[in-house]
Amino acid sequence: MKTVIPVNDKDVLKATRSFLRSLVDRGVVEAMYVPLEMEGGAVLPALVTDPAMLEKANPLAPVMPINGARAVSALTGKHTPGKLGAVLRPCEIRALIELVKLQQANLEGLTLIGVDCAGTFEVSDFTARRKAGSLDWTGYLGGLQSGTAAVDGLPLRAACQMCATPFAENSAVHLELLGSDLAAGIPLTVTDEVGAQLGLAEVARGEGATAALAPSLEARRQTRTKEITAIRERMNAEGGLDELFASCIRCHNCMTACPICYCKTCLFKSASFDHAPDHYFNTARRKGATRLLSDTLLFHVTRMNHMSTSCVSCGMCTSACPSDIPVGAIFSAVGEQVQAAFAYTPGRDVAEALPLVTFRESEWTEVGEAK
Amino acid sequence: MSETTAFEPRVVAFLCNWCTYTGADLAGTSRLQYPPNVRIIRTMCSSAVDPVYVLKPLLEGADGVLIGGCHPGDCHYQTGNYKTRRRYVALQEILKTSGIDARRVWLRWISASEGQKFASTVTDMVAAMKELGPNPARENWAA
């Protein structure tokens, strides 16, 4: 059902908050995962059960401290204890779908409230601006209209600059924030069931909004192609991989921030690579020297093997990296290649099997035989 | 170059217990000759070879890694080798994109009765690795 959330006095945020509150008041959800504004500038995602707390909710804030798929995984697990609503951005929804396939989350009893996303800023940038009171909110909302979020010339996160998938697909409640003047009303698409629960009436509206975004999406696609091509060239140069990960301090932040890396007993968190002192001496004797900490490339390339089929290019890894390694672009470059081999798009459809858990007998029959 | 300093590739082979490892055993009991450059590790199934086991030797400087499994349709665990095949395809894509020489990793289906095929596979692989030359990772201290 297509409708419009009315906006009074051009206050888009207030209209969004009262809409979220109506979801709780009308019993569509009992609890909501949503970003809340804190004193001091930060915006933090939280699980809200008291509707009054939704006065602090701000799903429009262009910041994403964590990929919400991780949070929804924690809140749903094998059984969700109540009717949960989750306000998520497109890359969070895609990651969540992958986590469902990996049996780390479930969609039962979950109402996905998708918000279109023009891009997010690094947490530190966003918080500092907001704290200083210099965040150009009207500018950001204007950016939503054109699909190119910008606040006082602050750059978007690297992953967002090359994101051409800003629409929150697969959501039961979809706030279509991009491509139209939100001050005149927020376009909304809901399932008929939710529409009936909320007592919403169908409101006819144009479909032209997304067409207006075509140029900015094309520009982002080009940025992505350019970035990924550049990364591939660097990786394929002699010693390229070493150079890219030269400043890695093996803190595992990329893995911790990654919504797909869920393993509780990750090999790299185990003692497997705590070698005996002799091992380091022997390796150094063999090679003349050996890097410490050891096994840095092994860590990254193994992670590529374990999660690149499901990489949704959310770029949380890049944001988490203290050494400014373009981890997200590297994993996107690898992911795109692997996903293409299996004609697989992560986060597209929960019914689509993960490439490495399924097979067809008739495929790749040339593999395993001498040419 | 004298005989003693000629490059001898080191190949790490992960062989499935039911087919290729038994095939290697048959090559031995049949007294078939093949190069001694291969270090064999027995696994219960080719699908038990996580890519990390392939990557570790490759990044440490092994010149080649061979994964041996049952022919498709013959897996002792019904479908393990079909999954190996997909994992191998993914690994090849990752190696190609990340600039690690994908030609150093081979997957071959060799049954328990194919001792000859095992011997010829190892012979071919060692020759191919000689052609490629030493794995540059052998000297790389910064991996």
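**Student:** Could you clarify how one ought to interpret the overall build of chain A in this entry?
**Tutor:** For chain A, the helix and strand inventory stands at 14 helices and seven strands. Scaling as 2.2 N^0.38, a compact globule of 371 residues should have a C-alpha radius of gyration of about 21 Å, and chain A matches this with 22 Å. In terms of principal-axis extent, the alpha carbons of chain A reach across some 75 × 50 × 40 Å. Taking the contacts inside chain A whose residues are at least 6 apart along the sequence as the reference set, 74% of them involve residues at least 24 apart.

**Student:** Sorry, what's going on with the overall build of chain B here?
**Tutor:** On a plain count of helices and strands, chain B comes out with four helices and four strands. Sequence-ordered secondary structure for chain B, helices as α and strands as β, is β-α-β-α-β-α-β-α. Taken against the 2.2 N^0.38 rule, which gives 15 Å for 143 residues, the C-alpha radius of gyration of chain B at 15 Å falls within 12% of a compact globule. A buried classification covers 51% of the 143 residues belonging to chain B. Look at the contacts in chain B between residues 6 or more apart in sequence, and 80% of them connect residues 24 or more apart.

**Student:** Sorry, what's going on with helix α2 (residues 51-60) of chain B here?
**Tutor:** An α-helical turn contains 3.6 residues, so any two residues separated by three or four positions project in the same direction. Those residues of α2 of chain B lying buried are P51, V54, L55, P57, L58 and L59 of chain B. Looking at the buried residues of α2 of chain B, the elements they touch are α12 (296-307) of chain A together with β1 (11-16), β3 (64-69), α3 (80-98) and β4 (105-109) of chain B. At the exit of α2 of chain B stands G61 of chain B, carrying a positive phi of roughly 120°.

**Student:** What's the story with the domain arrangement of chain A in this structure? I'm lost.
**Tutor:** By convention, interface size is frequently given as the accessible area that disappears when the constituent parts associate. All names here are of chain A. Annotation of chain A at the domain level lists domain 1 (2-210) and domain 2 (216-341). The C-alpha centroid of domain 2 is placed 30 Å from the C-alpha centroid of domain 1. Ranked by the residues each element gives to the side of domain 1 that touches domain 2, the list is headed by helix α3 (residues 90-101), at five residues. Along the lines of polarity and charge, the residues of the side of domain 1 that touches domain 2 split into 11 nonpolar, seven polar and five charged.

**Student:** Would you explain the sheet that holds strand β2 (residues 38-43) of chain B in this entry?
**Tutor:** Strand pairing in a sheet relies on backbone hydrogen bonds. The paired strands run either parallel or antiparallel. Residue and element names in this part refer to chain B. As summarised here, the arrangement of the four strands in space is β2-β1-β3-β4, forming an open sheet in which the pairing is parallel. Looking at the sheet topology across the chains shown, the edges are occupied by β2 and β4. Pairs of neighbouring strands in the sheet enclose a mean axial angle of 20°, with direction left out of account. Pairing geometry for β1 and β2, over six bridges, is parallel. Counterpart to C16 in the pairing with β2 is T43.

**Student:** Just checking my understanding: could you explain the nonpolar core for this structure?
**Tutor:** Soluble globular proteins: nonpolar side chains tend toward being buried together. Grouped together as the largest cluster of nonpolar side chains are 135 residues, with contacts concentrated most on A86 and L96 of chain A together with V11 of chain B. Two domains each put at least three residues into this core: domain 1 (2-210) and domain 2 (216-341) of chain A. A86 of chain A has contacts with Y33, G68, V72, L110, L112 and I113 of chain A, leaving out every residue within four places of it along the chain.

**Student:** Hey, could you run me through the interface of chain B and chain A in this one?
**Tutor:** Between chain B and chain A, the residue contacts involve 30 residues of the former and 37 residues of the latter. Sorting the residues of the side of chain B that touches chain A by element identifies α2, α3 and β4 of chain B as the ones contributing at least two each. Across the side of chain B that touches chain A, the residue classes tally to 16 nonpolar, five polar and nine charged.

**Student:** Is there a simple way to explain the packing of α12 of chain A against α3 of chain B in this structure?
**Tutor:** Working note: a packed helix pair is described by the angle between its axes plus the distance between those axes. Two numbers describe how α12 of chain A lies on α3 of chain B: the axes approach to 10 Å, and their chain directions differ by 135°. Viewed along their axes, α12 of chain A and α3 of chain B adopt a mutual orientation that is oblique. Remark: the crossing between α12 of chain A and α3 of chain B carries right-handed chirality. Listed contacts from α3 of chain B to V301, M304 and N305 of chain A of α12 of chain A are A90, L91, I94 and S98 of chain B. For the contact of α12 of chain A with α3 of chain B, a count of residues per class yields five nonpolar, two polar and no charged.

**Student:** Sorry, what's going on with the sheet that holds strand β2 (residues 31-37) of chain A here?
**Tutor:** All names here are of chain A. Strand order in this open sheet of seven strands is β1-β7-β6-β5-β4-β2-β3, and the pairing throughout is mixed. The open sheet has two free edges, formed respectively by β1 (2-5) and β3 (43-48), since each of these has just one partner strand. Here the strands of the sheet are splayed against their neighbours by 25° on average, with no regard to which way each runs. Across five bridges, the pairing between strand β4 (residues 84-88) and strand β5 (residues 110-115) is parallel. By the bridge assignment, L84 is partnered in β5 with L110.

**Student:** It is not clear to me how the environment of G133 of chain B should be interpreted in this structure. Could you clarify?
**Tutor:** All names here are of chain B. If you trace the backbone, G133 turns up in the segment after α4 (115-132). In this structure G133 comes out as exposed when scored by C-beta crowding, with 10 C-beta atoms within 10 Å. Sequence spacing of G133 and Q116 is 17 residues, and the spatial spacing of their C-alpha atoms is 26 Å.

**Student:** Is there a simple way to explain helix α2 (residues 68-76) of chain A in this structure?
**Tutor:** Residues and elements named next belong to chain A. In terms of residue burial, α2 counts as a mostly covered element, since seven of its nine residues are buried. Three or more residues of α2 are buried, namely G68, A69, R70, A71, V72, S73 and T76. Against β2, β3, β4, α3 and β5 lie the buried residues of α2. Among the residues trailing α2, G77 stands out with phi positive, at a value near 50°.

**Student:** Please clarify how the environment of V43 of chain A should be interpreted in this entry.
**Tutor:** Residues and elements named next belong to chain A. Residue placement: V43 occurs in strand β3. When the C-alpha atoms of V43 and K56 are compared, they prove to be 9.3 Å apart, with 13 residues separating the residues in sequence. V43 has contacts with P35, L36, E37, M38, N58, A61 and V63, leaving out every residue within four places of it along the chain.

**Student:** Help me understand the packing of α2 of chain A against α3 of chain A, please; the structure alone is not making it clear to me.
**Tutor:** Residues and elements named next belong to chain A. Taken N-terminus to C-terminus, the directions of α2 and α3 make an angle of 45°; their axes are 8 Å apart at the nearest point. Looking at the two axes, α2 sits oblique to α3. Here the hand of the crossing between α2 and α3 comes out right-handed. Facing G68, A69, V72 and S73 of α2, the residues of α3 in contact are E92, A95, L96 and L99. Of the residues in the contact of α2 with α3, the class split is five nonpolar, two polar and one charged.

Scoring rules and cut-offs
- Residues numbered from 1 in each chain as written.
- Chains lettered and ligands numbered in written order.
- Predicted model: local features only at pLDDT ≥ 70, side-chain atom pairs only at ≥ 80, totals over all residues.
- Helix = DSSP H or I, 4+ residues; strand = E, 2+ residues; numbered from the N terminus.
- Rg over C-alpha atoms; globule rule 2.2 N^0.38 Å.
- Contact = placed C-beta atoms within 7 Å.
- Buried ≥ 20, exposed ≤ 12 C-beta atoms within 10 Å, placed from the backbone.
- Domains from an automatic or database assignment.
- Nonpolar A, V, L, I, M, F, W, Y, C, P; charged D, E, K, R; others polar.
- Pairing = 2+ DSSP bridges.
- Axes fitted to C-alpha atoms, helices over the stretch in contact; angles between N-to-C directions.
- Core = buried A, V, L, I, M, F, W, Y, C linked by C-beta atoms within 7 Å.
- Parallel < 35°, antiparallel > 145°, perpendicular 65-115°, else oblique.
- Left-handed = near helix turned anticlockwise from the far one by under 90°.

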